[in-house]
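# Geometric and topological summary
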Amino acid sequence: MPRFVGLLRGVNVGKGRRVPMADLRRLLTEHGYGDVRTLLNSGNVVVDSRRTSSAAVAKDLTARIADEWQVVVPVVAKSAREFDAIVAECPFRAEALDASRMLVVFGQDATALQALEPLIALAESGEFHLGEQAAFLYCPDGILASRVADALLGKPGRGVTTRNWATTRKLQALLQS
């Protein structure tokens, strides 16, 4: 079966939109997903699925979470091949940077990424790159000091979710194991 990563946006932050990872693993296993694994408590799940498209996986995960917990959680899903392409597209020498200050911005489709184009004007020299498969943001002074990271919390960021480089690489390893 094809393997996918599901990236849940904005879960388990504060008191709202709680999705317990152990319960998510159980729920997805009960609904036919195989080898269900989660990473951290921030909404990262790797699954094997009979579905063949990442859009279908994203739609199903969103629906299952809404049915189980009565919360609407946007989900971005990527196949293992798509995820590898995103990591390879990174324009920064990421291994030489502070992985906690380097963000990968995942969107389900090109439309979600195109919505990020206005953020280019907010970026300091070279800190934001809008790629074909994802966007990449390096915040040398910290994420809280980045105007682009702040803007991702608003309207342009509604269709995307971010993971830092360390988490991205851990997810890639899970997809490959």
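We now turn to the structure provided with this report. (Residues numbered from 1 in each chain as written. Predicted model: local features only at pLDDT ≥ 70, side-chain atom pairs only at ≥ 80, totals over all residues. Heavy atoms only, no water.)

### Comments concerning the sheet that holds strand β3 (residues 44-48)
The sheet built from four strands is open, its strands ordered β2-β3-β1-β4 with antiparallel pairing. Two strands in the sheet have a free side with no partner beyond their single neighbour: β2 (34-39) and β4 (75-79). Strand-to-strand, the axes of this sheet are offset by a mean angle of 20 degrees, without reference to chain direction. Bridge analysis of β2 against β3 gives four bridges, and the strand direction is antiparallel. Of the residues in β3, the one forming a bridge with L39 is N44. Against the sheet, helix α2 (residues 54-69) contacts β1 (3-8), β3 and β4, and its axis sits at roughly 145 degrees relative to β4. Contacting β1 and β4, helix α3 (residues 80-89) runs over the sheet at an angle of about 95 degrees to β4. (Pairing = 2+ DSSP bridges. Helix = DSSP H or I, 4+ residues; strand = E, 2+ residues; numbered from the N terminus. Axes fitted to C-alpha atoms, helices over the stretch in contact; angles between N-to-C directions. Contact = heavy atoms within 4.5 Å.)

### Let's talk about the side chain of N44
Among the secondary structure elements, N44 is positioned in strand β3. Side-chain polar atoms of N44 contact the side chain of R163, separated by 2.5 Å. Sequence-distant contacts of N44, defined by excluding residues within four places in its chain, comprise G6, L7, M21, R37, T38, L39, R163, T167 and L171. (Polar contact = N/O pair within 3.5 Å; in protein donor to acceptor, adjacent residues only side chain to side chain.)

### Considerations on the packing of α3 against helix α6 (residues 165-176)
The interhelical angle for the contact between α3 and α6, taken along N-to-C directions, is 145 degrees, at an axis separation of 10 Å. α6 is crossed by α3, and the crossing has left-handed handedness. On the side of α3, the interface is formed by A80, F83, D84 and V87, while α6 contributes W165, T168, R169, L171, Q172, L175 and Q176. When the residues that make up the contact of α3 with α6 are grouped by side-chain class, the tally is six nonpolar, three polar and two charged. (Left-handed = near helix turned anticlockwise from the far one by under 90°. Nonpolar A, V, L, I, M, F, W, Y, C, P; charged D, E, K, R; others polar.)

### Let's talk about the packing of helix α1 (residues 21-30) against α2
Running from amino to carboxyl end, α1 crosses α2 at an angle of 115 degrees, the nearest separation of the two axes being 11 Å. By crossing handedness, the relation of α1 to α2 is classed as right-handed. Contact residues: α1 offers D23, L24, R26, L27 and L28, while α2 offers L61, R64, I65, E68 and W69. Split by residue class, the contact of α1 with α2 holds six nonpolar, no polar and four charged.

### A closer look at the environment of V104
Note on placement: V104 falls in strand β5 (residues 102-107). In this structure V104 comes out as buried when scored by relative accessible area, which is 0%. C-alpha separation for the pair V104 and A135, spaced 31 residues apart in sequence, amounts to 5.9 Å. Contact partners of V104, with chain neighbours within four places excluded, come to I86, A134, A135, F136, T161, T162, R163, W165 and T168. (Buried < 20%, exposed > 50% of the residue type's maximum accessible area, 1.4 Å probe, protein only.)

### Side note on the state of the cysteines
Joining two cysteines, a disulfide is a covalent bond between their sulfur atoms. Here the structure, examined in full by the defined rule, presents zero disulfides. Residue C139 stays outside any disulfide, its sulfur separated by 13 Å from that of C90, the closest cysteine. We classify C139 as buried; its relative accessible area is 1%. (Disulfide = S-S within 2.5 Å.)

### Brief notes about α1
Buried within α1 we find M21, L24, L27 and L28. All buried residues of α1 project into a common sector of 115 degrees when viewed along the axis, lining one side. For α1, the elements touching its buried residues are β1, β2, β3 and α2. (Arc of directions from axis to C-beta.)

By themselves, these are just geometric observations and shouldn't be taken as functional.
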